[in-house]
Amino acid sequence: MSVIDGKSLASQIKAEIAQKIQYYTSKGLRPPTLAVVMVGEDPASAAYVRNKMKACQEVGIKSMDIKMIDETTESELIAQIHSLNADKNIDGFIVQMPLPAHIDANKIIENIDPDKDVDGFHPLNLGKIMLGLPALAPATPKGIIEMFRLMNINLAGLHVVILGRSNIVGKPLAMMLLQKRQWANATVTVCHSKTQNLKQIAAQADVLIAAIGKPHFVKADMVKSGAIVVDVGINSIPDPFKKSGYRLVGDVDFEAVKEKASWITPVPGGVGQMTVAALLQNTLEAYEKNLNLL
Ligand code: GUN
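Residue positions are given per chain, counting from 1 as you read along its sequence in written order. A pLDDT threshold of at least 70 governs which residues receive local features in this predicted model, and a stricter bar of 80 or more applies before side-chain atom pairs are shown or counted, although totals over entire chains, interfaces and linings include all residues. Based on all heavy atoms of the structure, the side-chain values leave hydrogens and waters out of the count.

Visitor: Give me the site of the ligand: which residues, what numbers.
Guide: Taken together, K52, V95, Q96, M97, D119, F121 and I168 form the complete shell of residues around the ligand. Two N or O atoms count as a polar contact when they lie within 3.5 Å, although within protein this holds only if one can serve as hydrogen donor and the other as acceptor, and sequence-adjacent residues are included solely when both atoms are side-chain atoms. A distance of 3.3 Å is found between a nitrogen atom of the ligand and a side-chain nitrogen or oxygen belonging to Q96. With respect to the ligand, the side chain of D119 contributes an N or O atom lying 2.6 Å from a nitrogen atom. All accessibility values rest on the Shrake-Rupley procedure with a 1.4 Å probe; residue burial counts only the protein chains present in the view. In the complex, 82% of the free accessible area of the ligand, which totals 280 Å², lies under the protein chains. The nonpolar class holds Ala, Val, Leu, Ile, Met, Phe, Trp, Tyr, Cys and Pro. Asp, Glu, Lys and Arg form the charged class, and all remaining residues, Gly among them, are polar. Looking at side-chain class alone, the shell around the ligand contains 4 nonpolar, 1 polar and 2 charged residues. When at least one non-hydrogen atom of a residue lies within 4 Å of a molecule or strand, that residue is treated as near it.

Take a look at the structure:
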């Protein structure tokens, strides 16, 4: 078994991005700018946002932190989005999810300018991704595919089983891995909460991708010997030995599964790092398009 070092792979991507930004700014251009909108004070979301902004700083992307109170109305948030859409100096922005229950996330996403949608959540971007057309792709699926590319793992013809059908991971990842192109060409099965014989299907996977949000859901008996296991889960579980009182674990029972897998991603230090790197790639792409640099 070998552990995939997401941190080191993400550093490679970040170094490439930093180099490009340095080139552009040396020519007198302004740096790329990302705005991050967060509504409310969910501590997990706040931690993700801090990570994203720190990563921006590392590569030379200017980031803007827009915090809105929990009581923000849907129309106030939409007004904020329209103002970011209109601002020529903002290349891309994201609205951190989840949003408070009184706000319809789909309505919010539909209001984002697709060219500034660096999360790749807008229906137009997702539709293009499904068709295999160039578009801003959702960060986590893009980061996972980048991880395979950098590790030179060719998925052509392999059976990839994805556990989870979310709009931000499972569904777009399935579409992206299905494309007729390099670093894709997989045979894809998507399992979910209503799937019968999920264990047996998972155990047939050459590549098993867990994105269901259930701590330690994937056990050793669900994994074929020699499979590649990718853990997308970030779950907080109580841990009296930690100062914070909790620790982060994935959807995979890492200790048991690592003995059977050929490659496995850890949590933390795996897919999460790649997601942030892909967000930076998308921001650079949006900037290059905004400034007509391509
Ligand atoms: N919440 C969990 N993951 C994500 C993400 O990739 N983007 C946003 N905006 N919110 C999230």
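Visitor: Describe the side chain of K258, naming the residues involved and giving the relevant values.
Guide: Numbering of helices and strands runs from the N terminus; a helix is a DSSP stretch of H or I covering at least four residues, while a strand is a stretch of E covering at least two. Residue placement: K258 occurs in the loop between α9 (254-257) and β11 (263-264). At a separation of 2.8 Å, a polar atom in the side chain of K258 contacts the side chain of E255.

Visitor: Hey, could you go over unusual backbone geometry for me, with residue numbers and the actual values?
Guide: M97 connects to P98 through a cis peptide bond whose omega is 0°. The linkage connecting V267 with the following residue, P268, adopts the cis geometry, with an omega of -5°. Assignment of secondary structure puts P268 in the loop between β11 and α10 (271-290). The backbone of H216 shows a phi angle near 55°, a positive value even though the residue is not glycine. By secondary structure assignment, the location of H216 is in the loop between β7 (207-210) and β8 (228-231). Only protein chains enter the accessibility calculation, which uses a 1.4 Å probe. A residue is then buried if its area is under 20% of the maximum for its type, exposed if over 50%, and partly exposed in between. When its relative accessible area of 26% is taken as the criterion, H216 is described as partly exposed. Look at N292: it is not a glycine, yet its phi comes out positive at around 55°.

Visitor: Would you mind going over helix α2 (residues 43-59) in detail, with residue names and values included?
Guide: Take the residue count of a helix, subtract one, and multiply by 1.5 Å to get its expected span. With 17 residues, α2 extends 25 Å between its outermost C-alpha atoms, agreeing within 8% with the 24 Å of an ideal straight helix rising 1.5 Å per residue. Those residues of α2 lying buried are S45, A46, V49, K52, M53, A55, C56 and V59. Any two residues whose heavy atoms approach within 4.5 Å are treated as being in contact. In this structure, the buried side of α2 is in contact with α1 (6-26), β2 (33-39), β3 (62-68), β4 (92-95) and α10. Following α2 by one or two positions, G60 adopts a phi angle in the positive range, close to 95°.

Visitor: Go over the nonpolar core, please, and point to the residues and values.
Guide: By nonpolar core is meant a set of buried Ala, Val, Leu, Ile, Met, Phe, Trp, Tyr and Cys residues that side-chain atoms within 4.5 Å join together. By size, the foremost hydrophobic cluster in this structure holds 54 residues, and its most contacted members are I144, M147, F148, L177, I209 and V230. For this core, the leading source of residues is α10, giving 10 residues. Formed by 17 residues, the second largest nonpolar core is a distinct cluster that contains L163, C191, M222 and A227.

Visitor: Break down the packing of aromatic side chains for me, citing the residues and quoting the values.
Guide: Note on aromatic pairs: the rings of Phe, Tyr and Trp (six-membered ring only in Trp) are paired at centre separations within 6.5 Å, and the planes decide the class, stacked below 30 degrees, edge-to-face beyond 60, tilted for the rest. Tallying each qualifying case throughout the model produces 2 aromatic pairs. Cluster of aromatic residues (ring-pair linked, three or more members): Y23, Y24 and Y287.

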